[in-house]
Amino acid sequence: MDTSTAATRLVGHLAEVGPVAVAFSGGVDSALVLAAAARALGPDAVLAVTADSASLAAAELADAVAFATGLGVRHLAPGTAELDNPSYAANGRDRCYFCKSTVLDTITAVARDHGVASVATGVNADDAHDPFRPGIRAGDEIGVRTPLRDLGLTKADVRAVSRHWGLSTWDKPAMPCLASRVRYGVAITPARLARVERAEVAVRAWLADAGAPTRDLRVRDLGDTGRVELDPHLVDRPELAPALAEIVRAAGFEGVELAVFRSGALNHE
């Protein structure tokens, strides 16, 4: 789809929706929906709502606040308690369904409290065909809006429109929630999520200081072992392995593995 046409259609679509609360993770997809809503309706008619839970990295919340502030959109960060749901904490392959049900129920309630009837998410057309996204079903059941999916905008379209508008998020790497780093069947706990976040923050900082920054980084929690996934050219540098192993052990893991980054790796294991 032509980028300019896609941008115009998205703004027009959101103008028809009217005042809206955007479930705003801070990622490239929801950032585009938020920016388009602000263009279509004016910042005062839009809410950015970020679910603040143990599975949200602190840096992601800070980025979300900064982005919304830059648009002049009011940002809210209600706490959510998906970890209180045993079905979520058990970490089966339907974990995202229980998470999104809790998160979107909370965001819908916040929107209603602020006089906003519609809630929109950043689900795009590619997501709709991804078999590993049970959370989309939760949104459909609640009746949230999915403007990117409705207009057939793919991830490539989202990045193209975001770049066209000069959004800082246009080339932001995917950054799913911390729970997505935990191997299915390993119980989700606040301590486990905090351990993953500590390890990722420390590894990223060390690599940057060492002059070897990585675009994509995950520390996967495999139980007792933390698997560090990096850009391919870094995995082939054996001198990095001892330092990264020490950092990940210091974060609370017993064993450490090093591997090439693969998006959604745990979905395929």
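Residues numbered from 1 in each chain as written. Predicted model: local features only at pLDDT ≥ 70, side-chain atom pairs only at ≥ 80, totals over all residues. Heavy atoms only, no water.

**What to know about helix α5 (residues 95-113)**
Residues that lie three or four places apart on an α-helix share one face, since the helix turns once every 3.6 residues. Applicable threshold: Here a helix means four or more residues in a row that DSSP labels H or I, a strand means two or more in a row labelled E, and each is numbered from the N terminus. An expected span of 1.5 Å times one less than the residue number is assigned to each helix. The cut-offs for exposure are 20% and 50% of the maximum accessible area for each residue type, with area from a 1.4 Å probe on protein chains only; residues under the lower value are buried, those over the upper are exposed, and the others partly exposed. Two residues form a contact once any of their heavy atoms are found within 4.5 Å.
Across its 19 residues, α5 extends 28 Å between first and last C-alpha, which sits within 8% of the 27 Å expected from 1.5 Å per residue. Among the residues making up α5, those that are buried are R95, Y97, C99, S101, V103, L104, I107, T108, V110 and A111. Of the surrounding elements, those touching the buried residues of α5 are β1 (20-23), β2 (46-49), β3 (74-76), α4 (86-89), β4 (118-120) and α6 (135-142). Just downstream of α5, G115 is the residue with a positive phi angle, here 75°.

**Overview of the side chain of H75**
Residue placement: H75 occurs in strand β3. Setting aside its immediate chain neighbours within four residues, H75 contacts F24, A48, T50, L61, A64, V65 and A68.

**Section: the pattern of salt bridges**
Threshold: When a carboxyl oxygen of Asp or Glu is within 4 Å of a side-chain nitrogen of Lys or Arg, the pair counts as a salt bridge.
Summed over all chains, the structure comprises 13 salt bridges. In this structure, E269 and R227 form a salt bridge, with 2.8 Å as the shortest nitrogen-oxygen distance. You can see E269 sitting in the segment after β7 (255-260) and its partner R227 sitting in strand β6 (residues 225-230), a full 42 residues away along the chain. Taking relative accessible area as the criterion, E269 reaches 41% and is therefore assigned partly exposed. When its relative accessible area of 9% is taken as the criterion, R227 is described as buried.

**Quick notes on the nonpolar core**
Here is the rule we go by: As used in this record, nonpolar core signifies buried Ala, Val, Leu, Ile, Met, Phe, Trp, Tyr and Cys residues forming a set joined through side-chain atoms within 4.5 Å.
Counting 38 residues, the largest nonpolar core has A21, V203, L207, V228, L230 and L244 as the members making the most contacts within it. Here this core takes 6 residues from α5, the largest share from any one element. Residues within four places of L230 in sequence aside, it is in contact with V203, L207, T214, D216, L217, V235, L244, L258, A259, V260 and F261. With 31 residues, the next largest nonpolar core counts F24, L32, A68 and L153 among its residues.

**Digging into the packing of helix α1 (residues 3-17) against helix α8 (residues 155-164)**
Where we set the bar: Helix axes are fitted only over the stretch in contact, all axes being lines through C-alpha atoms; the angle between N-to-C directions runs from 0 to 180 degrees. Orientation is classified from the angle alone, with under 35 degrees giving roughly parallel, over 145 giving roughly antiparallel, 65 to 115 giving roughly perpendicular, and any other angle giving oblique. For this classification, the nonpolar set comprises Ala, Val, Leu, Ile, Met, Phe, Trp, Tyr, Cys and Pro, the charged set comprises Asp, Glu, Lys and Arg, and every other residue, Gly included, is treated as polar.
Direction vectors running N to C along α1 and α8 enclose 90°, while the axes themselves pass 9 Å from each other. By the angle between their axes, α1 is roughly perpendicular relative to α8. Across the interface between the two elements, T3, S4, A6 and A7 from α1 touch A160, V161 and H164 from α8. For the contact of α1 with α8, the class distribution of residues is 4 nonpolar, 3 polar and no charged.

**Some remarks on the sheet that holds β7**
Threshold: When DSSP finds two or more bridges between two strands, those strands count as paired.
With mixed pairing, 3 strands are arranged side by side in an open sheet as β5-β6-β7. In this open sheet, the two edge strands, each paired with only one partner strand, are β5 (218-221) and β7. Going across the sheet, the axis of each strand differs from the next one's by a mean of 25°, ignoring polarity. Relative to β7, β6 runs parallel, the two sharing 6 bridges. Across the sheet, V228 pairs through a bridge with L258, a residue of β7. Across the sheet, helix α9 (residues 190-209) lies against β5 and β6, angled at about 150° from β5, the strand it touches most. Of the strands in this sheet, β6 and β7 are in contact with helix α11 (residues 240-250), which crosses β7 at around 130°.

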